[in-house]
Amino acid sequence: MSRRTTSRGIAGTTWSFWLFVGPFVIGLLIFSYLPILWSLVLSFFEAQNTVTPTKFVGVQNYVDMLTDDNFLSSLGTFSVFALFIVPLTFVLSLALALLVNQVKVARAFFRSVFFLPTACSYVVASLIWKLSIFNGVRFGLANTVLGWFGIEQIAWLSTVDPPWYWIPIITVRLWLQLGFYMILFIAGLQRISPALYEAAYVDGAKPGWQVFRHITWPQLRATAVAVLILNLIAAYQAFDEFYNLLGNVNFARPPLVYLYGISLGTIQDLGRGSAGALILAAIIMVVTLLQNKIFGFGKAGD
């Protein structure tokens, strides 16, 4: 093969690559990276009722957000949400993956059944939870079931003490995302070589917890950390279920709801809103890096 033919082949491959990847790269730059860069610029300026920087204020917007009681309360809200939703999603999705992976008959059917809710809109699911299941009157499914046991009706979404609103919020998110993380774990389980299990049984390992602890779990480390990272980021970015179930209330308002209110509400302070968004992004980044450090994601052998 001549050098000219080889060069043409390489050039053709390069053009084909950019032909397919180019539109996505351009879209990523225009709709993701440039807005992030512009948000960084706005965070150092006074930009109220405008997307054009007017007066340079340095880090004052960051100071205002970090001393804003409402914003700090919102950060506390999503911390509580992440504290509940991340471990629950991790454990339940792993348990579902282990069960479905062991099914010998109609495995594809069960995978589809558990994965199907991920195709549902968060808005639609939240409204179903609000109007049909946890609507706070005797016609709601949850209160109907409680009535069978003689328990009084509960105003699920409007009571603060005790905070029953966490149950609808947590359950709707679990229903929507368990199937997705279950599929990730199933993919990780299918990557494990059957020879490892055969060798463990030859060495006297007992099926069940012993095999899971010493064979399955170490082989799932990379998948487990990926699930934790994705789930943690998704928890920090929660918006739809909070807004559609509760609205813009003070007692359970995630940061995104509050930031939308500052940037696009009556105040329309895009400088402070941008600073708050970058603070939130920095928190997500730091927590993710700490998680990678603790679990050793990316080490040799993953």
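Here is what the cut-offs are and how they apply
Residues numbered from 1 in each chain as written. Predicted model: local features only at pLDDT ≥ 70, side-chain atom pairs only at ≥ 80, totals over all residues. Heavy atoms only, no water. Helix = DSSP H or I, 4+ residues; strand = E, 2+ residues; numbered from the N terminus. Rg over C-alpha atoms; globule rule 2.2 N^0.38 Å. Buried < 20%, exposed > 50% of the residue type's maximum accessible area, 1.4 Å probe, protein only. Areas by Shrake-Rupley, 256 points an atom, 1.4 Å probe, with all protein chains shown as cover. Lys, Arg positive; Asp, Glu negative; His and termini not counted. Charge placed at Lys NZ, Arg CZ, Asp CG, Glu CD. Contact = heavy atoms within 4.5 Å. Salt bridge = Lys/Arg side-chain N within 4 Å of Asp/Glu carboxyl O. Axes fitted to C-alpha atoms, helices over the stretch in contact; angles between N-to-C directions. Parallel < 35°, antiparallel > 145°, perpendicular 65-115°, else oblique. Left-handed = near helix turned anticlockwise from the far one by under 90°. Nonpolar A, V, L, I, M, F, W, Y, C, P; charged D, E, K, R; others polar.

Check the secondary structure of the protein chain and you find 13 helices and two strands. Taking 19 Å as the expected radius of gyration for a compact globule of 302 residues, we find that the protein chain reaches 24 Å, considerably beyond that expectation. A principal-axis box enclosing the C-alpha atoms of the protein chain has dimensions of 80 × 65 × 35 Å. Considering the protein chain as a whole, with its 302 residues, one finds that 35% of them fall into the buried category. Carbon and sulfur atoms form 69% of the exposed surface of the protein chain, whose accessible area is close to 18,000 Å². Side-chain charges of the protein chain comprise 18 positive and 12 negative groups, with the mean position of each set lying 17 Å from the other.

Let's shift gears to the side chain of R272. If you trace the backbone, R272 turns up in helix α13 (residues 270-295). Those residues within four positions of R272 in sequence are excluded, and the remaining contacts are N61, D64, M65, D68, Y258 and I262.

What follows is about the environment of T288. Considering the arrangement of structural elements, one finds T288 in helix α13. Owing to a relative accessible area of 13%, T288 belongs among the buried residues under this scheme. Expressed as a C-alpha distance, the spacing of T288 and L228, which sit 60 residues apart in the sequence, is 8.9 Å. Other than its neighbours up to four places away in sequence, T288 contacts I229 and I233.

A few words now on the pattern of salt bridges. A side chain with one charge can pair with a side chain of the opposite charge if their charged atoms come near. Tallied over the entire structure, the rule returns two salt bridges. The salt bridge partner of R272 is D68, with a shortest N-O separation of 3.1 Å. Here the residue R272 occupies a position in helix α13, and D68 occupies one in the loop between α2 (60-66) and α3 (69-102), the gap between them amounting to 204 residues. For the pair shown, R272 and D68 are each scored as buried. Residues R173 and E241 are paired through a salt bridge, measuring 2.7 Å at the closest nitrogen-oxygen approach. Residue R173 is found in helix α7 (residues 166-190), and its partner E241 is found in helix α11 (residues 240-246); the two are separated by 68 residues along the sequence.

On to the packing of α3 against helix α4 (residues 107-115), then. Axis separation between α3 and α4 bottoms out at 8 Å; the angle between their running directions is 155 degrees. Taken together, the axes of α3 and α4 are roughly antiparallel relative to one another. For the crossing formed where α3 meets α4, the hand is right-handed. Each of L96, V100 and N101 in α3 lies in contact with α4, whose residues at this interface are R107, F110, R111 and F114. A breakdown of the residues in the contact of α3 with α4 according to their chemical character gives four nonpolar, one polar and two charged.

What is shown is where atoms sit, not what they do.
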